[in-house]
Amino acid sequence: MITPDGRILFGGDYNPEQWPEEVWADDVRLMKAAGVNSVTLGVFSWAKLEPRPGARDFGWLDRLMDLMHEHGIGVVLATPTASPPPWLGRLHPETLPRDEHGQIVWWGARQQFSHSSLVYRRYAAAITEDLAVRYGHHPALRMWHINNEYCTFDYGDEAARAFRVWLRERYGCLDALNEAWGTAFWSQRVDCWDEVIPPRRAQYLKNPTQLLDFRRFTSDALMECYLAERDLVRRHTPGVIPVTTNFMPLWIGQDAWAWSAQEDVVSVDSYPDPRDPLGGQYNAMIADLTRGQAGGPWLLMEQAAGPVNFRGVNHPKPPGLGRLWTFQAVAHGADGVCYFQWRQSRQGAEKFHSGMVGHAGEEGRTFQEIKRIGRELPALGGTVPGTHTSADIAVLHDWHSWWASGQDGRPSSLVRHEDVLRSWHRALWEAKLPVDFAHPEHDLAAYRMVAVPQLYLLTDAALDNLVSYVRSGGTLVCGFFTGIVDGDDRIRPGGMDARLRELLGIRTVHEWWPLEAEDTVDCVRFRGTLWSEELTAAEDATVVTAYRGGELDGLPAVLRRGSAWYLSTLPEPEALSALLAGAAAEAGVRPPVAELPAGVEAVRRGTVLFLLNHGRRPADVTLPTGTHRDLLTGEVATDSVRLERYGVAALVPHGTGTGSGAAQHV
Ligand code: GAL
C-alpha cells in the first residue's frame, strides 16, 4: 500500500549530506510550505554512512529521521548500494565492473559495482542490514527504496563465473547450450564451461542467443542483488514497510515484468523532454507501462521540477507544464508524485539539474509551482489513491523480445522496438484511447482489444495466448516483424509462426522490404514507413489496404481475418491512429469523453474524470451528461469546462454522493 493514510505521496530525493546542517531547518520550513509529506533519504550516502570498511556513522541520519518525524514527513529510506565508496574499489578491485572491451569502470561517478561480485554483495548486505536494524522501527519510515535504477553491465571475470552458473541452471549441460545457441554456425561450439564467456568484444557479429542470454542473465543477476537487500529489510520489518526499487523509464536492461512481481510498490523515474511536443504522450506511456507492471497504483519516484542536465540542450518547463505532467501521472494511476531532487545541488555532476528548490530559492518560479501542486494534491486524497485507471485496450510488450530484436545483423537497424512501441502508443493516445500495458502471456480476457506493436520473439505460451484470446472474440491488431523467432531466437519456419499466420490470415511471407529512413511506401489511403512486406493473403482474409506502385503494387499492406488484424508496415502517425481507432471502435471501445479538442486528454480513474490540456492554448471541453465538480477548484460545471493552457480538471459527478470519499478501492 503506497498511501496507508489516503494521502498522495508528495516529495522527493533529499540529499542533506550535501549541505551544512544549518540548512536542514530551512529545508523543513520550505517542505512544510510546499506540502511535502515524503522524502527519500540515503540514496547515495554509502561513503557518509561507512567512511571506511566496517565503520558506521549514523548520527546525522538519526537526526534527520527524527527531524522528519517531528514535522510529520515520512521517509522513503534507501539502501545506499548504488554508489559504493572509493575504498571498496581500491581494496577490492574485483568489485569494479568491466565493459565489453575489458576496461575497468572506475569509481568517480556512480554505479561502479559488479552485480556478480560476492565481495560487493557482502558489503552491500552488511550496510543494508545495519540500516534495517537501526531504522526498521523508526516512526518516520514509510517505505524501503532498494539501490537506485539498477542498470550496470559487467563483462568481467566475476560476471563470467556467474554467467556460467546461470547457464548451467538454464541448460543443464553444454550440449543443450550448444543447441540453443546454434553454435554449429561459424565454428562456435564450446567444449568446456571455461570457454563460455560474456559476449565480449569480438571481430564481427556476435552469437545472437549468447547476447540474448547475457541480457537475461544480467537482469537476473541485478535482481539477485535487489532480492538479497529486499529480504534483509523485510526480515527486520516483516509485512509492515513496503519495498520498492525505482526503474528507469522503459529501460532495456531489466525484465521489469519479472522484477515488478518482486516489489511491494512499483516505482519509476520519468523525465519527458519539455521541448518534445509529445512529452505528454511519453509521460503517459511510462505511466501506463508502470501501472501494468504494478497491476494497479504505482509511484512516480522521480521527475524533474525544471530542466535536467543529461540532454544536449536542457530546457526548462514552461509555467504549468510540470503541474500538468504531475497530475497526468496521478490520472494514470500514480499514488505518489515525487522529484529528483528536493534542493538543487551546488556542486557535483548534477548542479545544473533542477530541484524542487532551485538555485533561485523560494522566490523562484519553480518552487512557486511546486507549492501550488502541494496545495492542490490533498484535494484528491481519499478519493483517488488506491483506485484503478480504466482502459479497454492492452498494448503488449516484452523485454526478451526487445533484447532479441535489438541486435546487429537483422533486416533493418532502423527498426527499433522502443520506437515502434512509442509510435503505437502515440497513435492510441492521439485517438484519445486509454491503454494498459500487458505481458504477452498475461490473461487478456478483460480487454476488448489487444495491440501488438512488435513482438519479434514470441514463446509458444504467448502464441497460444493470442490464439485463444482471438478465438474467444477478442480483437487483435498486430504489427510487422512479430512472431519471427522462438525463445532461443531460432527462426520459426514460414517467415512468421504458422499459428499467427493462420490467425491473421497470412498465407505466405515471401520477403521483407525494409525502408530507408527517408523513404515511404504508398498504400491506398496512406503512406507506410520503416518496413513493407511481400506477402500473400489466405483465402478467407480481407485485404484492408494494399500497396500501391513499386515492387509490392497490389499486395496486401493491411489485412484481417475476422477480428485479427495485421499491419505489414508502419503507417504514418495519423493513419496509424485512424486504423487503430477503427479497430477499437469495432471492438466496442469507447473513449472516456466522446468529443475532445486537439491536445486534450481524458482519463478515468475510479470515480474521477481527469481532463488534461497538453496544448498551449485554453480549450473548452464538452462534458458527458450530468453535473460535475472539479476536486481541484470546487467549481461545479454542467455542460462544459474550460481548461487553461496546460490546465487540469479532476471531475467527479456532483450531487450523487460519489467523489467525496466514496472511492472505488481495489
Ligand atoms: C535519475 C537518478 C537520479 C538523478 C536523476 C537526474 O536517473 O536516479 O539520481 O541522477 O536521474 O535526472
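Residues numbered from 1 in each chain as written. Predicted model: local features only at pLDDT ≥ 70, side-chain atom pairs only at ≥ 80, totals over all residues. Heavy atoms only, no water.

Draft legend 1. Seen up close, the sheet that holds strand β8 (residues 298-302). Read across the sheet, nine strands follow the order β5-β4-β3-β2-β1-β9-β8-β7-β6 without closing on themselves; strand pairing throughout is parallel. Every interior strand has two partners, whereas the edge strands, β5 (243-244) and β6 (246-247), have only one. As defined by bridge partners, strand β1 (residues 9-14) adjoins strand β2 (residues 38-41) across four bridges and the pair is classed as parallel. The residue of β2 that forms the bridge with D13 is T40. (Pairing = 2+ DSSP bridges. Helix = DSSP H or I, 4+ residues; strand = E, 2+ residues; numbered from the N terminus.)

Draft legend 2. The arrangement of a positive patch on the surface in detail. Taken together, the side chains of R275, R365, R616 and R645 make up a positively charged region of the molecular surface. Along the chain, R365 falls in helix α12 (residues 365-376). (Patch = residues over 30% accessible without salt bridge, like charges linked within 9 Å, V, L, I, M, F, W, Y side chains within 5 Å. Areas by Shrake-Rupley, 256 points an atom, 1.4 Å probe, with all protein chains shown as cover. Salt bridge = Lys/Arg side-chain N within 4 Å of Asp/Glu carboxyl O. Lys, Arg positive; Asp, Glu negative; His and termini not counted. Charge placed at Lys NZ, Arg CZ, Asp CG, Glu CD.)

Draft legend 3. Spotlight on the packing of aromatic side chains. On inspection of all chains with the given rule, the structure shows 26 aromatic pairs. Relative to W531, the ring of F480 has its centre 5.1 Å away and its plane inclined at 10°; by these criteria the two rings are stacked. Residue F480 is found in the loop between β13 (475-479) and α16 (498-504), and its partner W531 is found in the loop between β16 (526-529) and β17 (533-537); the two are separated by 51 residues along the sequence. Across the pair, exposure class does not vary: F480 and W531 are buried alike. Through a chain of ring-to-ring contacts, the aromatic side chains of Y155, F163, W166, W181, F214 and F217 assemble into a single cluster. (Phe/Tyr/Trp six-rings, centres within 6.5 Å; stacked < 30°, edge-to-face > 60°. Buried < 20%, exposed > 50% of the residue type's maximum accessible area, 1.4 Å probe, protein only.)

Draft legend 4. A look at the packing of helix α5 (residues 118-135) against helix α8 (residues 208-236). Between α5 and α8, the least distance of the axes is 9 Å, while the angle of their chain directions is 25°. Classed by the angle they form, the pair α5 and α8 counts as roughly parallel. In this structure, α5 meets α8 at a crossing whose hand is right-handed. When α5 is examined against α8, the residues Y120, R121, A124, A125, T128, E129, A132 and V133 are found in contact with a partner set consisting of A221, E224, C225, E229, L232, V233, R235 and H236. Class assignment of the residues belonging to the contact of α5 with α8 gives a composition of nine nonpolar, two polar and five charged. (Axes fitted to C-alpha atoms, helices over the stretch in contact; angles between N-to-C directions. Parallel < 35°, antiparallel > 145°, perpendicular 65-115°, else oblique. Left-handed = near helix turned anticlockwise from the far one by under 90°. Contact = heavy atoms within 4.5 Å. Nonpolar A, V, L, I, M, F, W, Y, C, P; charged D, E, K, R; others polar.)

Draft legend 5. Region of interest: helix α1 (residues 22-34). Compared with the 18 Å implied by 1.5 Å per residue over 13 residues, the 19 Å span of α1 between its first and last C-alpha is a close match. For α1, the set of buried residues is V23, W24, D27, V28, L30, M31 and A34. Residues of α1 that are buried make contact with β1, β2, α3 (59-70) and α12. (Expected span 1.5 Å × (residues − 1).)

Draft legend 6. A look at the site of the ligand. The environment of the ligand is formed by F44, R110, N148, E149, D269, Y271, E302, F310, F340, E350 and H353. Between the ligand and the protein, one listed contact pairs an oxygen atom with a side-chain N or O atom of R110 at 3.0 Å. Between the ligand and E350, the relevant distance is 2.5 Å, taken from an oxygen atom to a side-chain nitrogen or oxygen of the residue. Taken by itself the ligand offers 310 Å² of open surface, and the protein chains cover 94% of this. Looking at side-chain class alone, the shell around the ligand contains four nonpolar, two polar and five charged residues. (Near = heavy atom within 4 Å. Polar contact = N/O pair within 3.5 Å; in protein donor to acceptor, adjacent residues only side chain to side chain.)

Draft legend 7. The arrangement of the sheet that holds strand β21 (residues 570-571) in detail. A sheet is described by the order of its strands in space; here three strands give the open sequence β15-β16-β21, paired in antiparallel fashion. Two strands bound the open sheet, and with one partner strand each, they are β15 (520-523) and β21. Across four bridges, the pairing between β15 and β16 is antiparallel. Looking at β16, one finds that V521 is bridged to G528.

Draft legend 8. Spotlight on the nonpolar core. By size, the foremost hydrophobic cluster in this structure holds 164 residues, and its most contacted members are L77, L380 and M449. Ranked by residues supplied to this core, first place goes to α5 with eight residues. Residues contacting M449, with those up to four places away along its chain left out, are D392, I393, A394, L428, Y469, T475, V477, L580, A583, A584, A587 and V589. Membership of the second largest hydrophobic core comes to 17 residues, among which are A162, Y171, L177 and A180. (Core = buried A, V, L, I, M, F, W, Y, C linked by side-chain atoms within 4.5 Å.)

Draft legend 9. Spatial organisation of the domain arrangement of the chain. The domains assigned to the chain are domain 1 (11-150 + 216-380), domain 2 (157-210), domain 3 (393-586) and domain 4 (600-653). Taking the mean C-alpha position of each, domain 1 and domain 4 sit 32 Å from one another. Contacts between domain 1 and domain 4 engage 21 residues on the former and 14 residues on the latter. Between domain 1 and domain 4 lies a buried interface of about 1400 Å² when both sides are counted; carbon and sulfur atoms form 65% of it. When the buried surface of domain 1 facing domain 4 is broken down by residue, L324, A331 and L380 rank first, second and third, together holding 36% of it. Remark: the boundary between domain 1 and domain 4 carries five residue pairs in polar contact (both at pLDDT 80 or more). For the side of domain 1 that touches domain 4, the element with the highest residue contribution is helix α11 (residues 321-331), accounting for eight residues. A per-class count over the side of domain 1 that touches domain 4 returns 13 nonpolar, five polar and three charged. (Domains from an automatic or database assignment. Buried area = accessible area lost by both parts, 1.4 Å probe.)

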